[in-house]
Protein chains: 2
Amino acid sequence: MYPSSLEKLIEAFRLLPGVGAKSAERYALCMIDASEEDVESFAKALIDIKTKLKTCPVCGNLTEEDKCSICADESRDHSTICVVQSIKDIAAMEKTNEYRGVYHVLQGLISTMKGILPEDLNIQSLLDRVSEDTKEVILATNATMEGETTALYLDKVLSRKGVLVTRIAYGLPMGGHLDYADELTLIKAIEGRKKL
Amino acid sequence: MYPSSLEKLIEAFRLLPGVGAKSAERYALCMIDASEEDVESFAKALIDIKTKLKTCPVCGNLTEEDKCSICADESRDHSTICVVQSIKDIAAMEKTNEYRGVYHVLQGLISTMKGILPEDLNIQSLLDRVSEDTKEVILATNATMEGETTALYLDKVLSRKGVLVTRIAYGLPMGGHLDYADELTLIKAIEGRKKL
């Protein structure tokens, strides 16, 4: 229907998660109306992430340098390691401006359903990294079945090394209403109650 | 937060209509996981639409050749011209496989609100194009205020040239329920009733 170069762009947009035929068409047509400069820098940004970005050898975060900006930051507390599933979770944690330790990205979660085993994840490098200087490893995987399984596994292997292993808290989200919370969340909220 | 090349890609995705910070981030991270080949062809497609695509001088459709594929198609009825707002509408019409005439793309609609006047649109080329050989001009602009205004204006200027001007039908959409249709649609559906 459309000229082939436009069809190819529509196809490319369909690679994106949750983008169907209609949205892909809308995005591609929007690019036609966009300035040449914007489209060129879009294309350049795409090429750049494949050529410039690499994985931080320490924590698995993305970086353009030898180490990621967090691992390279001397002002951070390198004795506290927060273990997350993906780099997206680092971004979420960093937005809080609260956590001053470093991270470790698993690049996935253990899943018997999907056949993902501990050895498929970035776990060995975590074990290698934990030393006598490590004060605490915080397990910040998702509050899902897979996140839990992974946290339990990590707790088991890390505890052998004698390091303090903690898990982030479960409970009612801030702004959350009791009557909208599911039972499991409420059970966890009650279990995790604290003295005021 | 993210390395700068990734931030730039997130920014680029935010140019897309209806894409906010969260979706742009998701799209950019998806590109990191995508194969190098896919990302390269995505970038190439972006460059190509700016370098290869041009506007068909006859109808205003997009093309990579001198004329668009529809205007160049001798098997089509060049004496019937369907006037649409944008190239997207051509795609929608062509999907029906019903219409065999040619098109004319206005590249917008007359709008007093947005200050879009007839001279801002691709209307002069339509008037130049309509000749003695033209049997019919079908006005297929949207059923909105602006679409109507534009259709009324085109009817006025085209009728002077003595050509048959028609407007696509209004009514209940196929699969539509009477009790869900708005009043204006129902009024138009009754007005436009036909003998069976």
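Shown above is the structure to which this text applies.
Calculation notes
- Residues numbered from 1 in each chain as written.
- Chains lettered and ligands numbered in written order.
- Predicted model: local features only at pLDDT ≥ 70, side-chain atom pairs only at ≥ 80, totals over all residues.
- Heavy atoms only, no water.
- Buried < 20%, exposed > 50% of the residue type's maximum accessible area, 1.4 Å probe, protein only.
- Helix = DSSP H or I, 4+ residues; strand = E, 2+ residues; numbered from the N terminus.
- Pairing = 2+ DSSP bridges.
- Axes fitted to C-alpha atoms, helices over the stretch in contact; angles between N-to-C directions.
- Contact = heavy atoms within 4.5 Å.
- Nonpolar A, V, L, I, M, F, W, Y, C, P; charged D, E, K, R; others polar.
- Parallel < 35°, antiparallel > 145°, perpendicular 65-115°, else oblique.
- Left-handed = near helix turned anticlockwise from the far one by under 90°.
- Buried area = accessible area lost by both parts, 1.4 Å probe.
- Salt bridge = Lys/Arg side-chain N within 4 Å of Asp/Glu carboxyl O.
- Polar contact = N/O pair within 3.5 Å; in protein donor to acceptor, adjacent residues only side chain to side chain.

**Q** Quick one: what's the story with the pairing of strand 3 (residues 77–84) of chain B, residue by residue and with numbers?
**A** Residues and elements named next belong to chain B. Counting buried residues in strand 3 gives six out of eight residues, a clear majority hidden from the surface. Sheet analysis places strand 3 next to strand 4 (residues 101–105), joined by five bridges and oriented parallel. Across the sheet, the residue bridging to Cys82 is Tyr103, located in strand 4. Two elements, strand 3 and strand 5 (residues 136–139), share four bridges in a ladder whose sense is parallel. Paired with Thr80 across the bridge in strand 5 is Glu136.

**Q** An account of the packing of helix 2 (residues 21–33) of chain A against helix 4 (residues 87–95) of chain B is needed here, citing residue identities and associated values.
**A** Two elements in contact, helix 2 of chain A and helix 4 of chain B, have axes separated by 11 Å at closest approach and are oriented at 145°. Where helix 2 of chain A abuts helix 4 of chain B, its residues Glu25(A), Arg26(A) and Leu29(A) lie against Ile87(B), Lys88(B), Ala91(B) and Lys95(B). In terms of residue class, the contact of helix 2 of chain A with helix 4 of chain B is made up of three nonpolar, no polar and four charged.

**Q** So what's going on with the packing of helix 3 (residues 36–51) of chain A against helix 3 (residues 36–51) of chain B? Which residues, and what values?
**A** Helix 3 of chain B packs onto helix 3 of chain A with a crossing angle of 165° between their chain directions and a minimal axis gap of 9 Å. What the angle tells us is that helix 3 of chain A and helix 3 of chain B run roughly antiparallel. Considering how the two elements wind past one another, helix 3 of chain A and helix 3 of chain B form a crossing that is left-handed. Across the interface between the two elements, Glu36(A), Val39(A), Glu40(A), Phe42(A), Ala43(A), Leu46(A), Ile47(A) and Lys50(A) from helix 3 of chain A touch Glu36(B), Val39(B), Glu40(B), Phe42(B), Ala43(B), Leu46(B), Ile47(B) and Lys50(B) from helix 3 of chain B. Tallied by class, residues from the contact of helix 3 of chain A with helix 3 of chain B come to ten nonpolar, no polar and six charged.

**Q** With reference to specific residues and values, describe the interface of chain B and chain A.
**A** Listed per partner, the contact involves 47 residues of chain B and 47 residues of chain A. For the pair chain B and chain A, the summed buried area comes to about 4,400 Å², and 76% of that belongs to carbon and sulfur atoms. The three residues of chain B that bury the most area against chain A are Met1(B), Leu46(B) and Lys50(B), which together make up 14% of that side's buried surface. In this assembly, chain B and chain A are joined by zero salt bridges. In this assembly, chain B and chain A are joined by eleven residue pairs in polar contact (both at pLDDT 80 or more). Counting only elements with at least two residues in the side of chain B that touches chain A, the list comes to helix 1 (4–13), helix 2 (21–33), helix 3, strand 2 (62–63) and helix 4 of chain B. Considering each element in turn, the side of chain B that touches chain A owes the most residues, twelve residues, to helix 3 of chain B. Each residue belonging to the side of chain B that touches chain A can be placed in one class, and the counts come to 29 nonpolar, four polar and 14 charged.

These results come straight from atomic positions and should not be treated as a statement about function.
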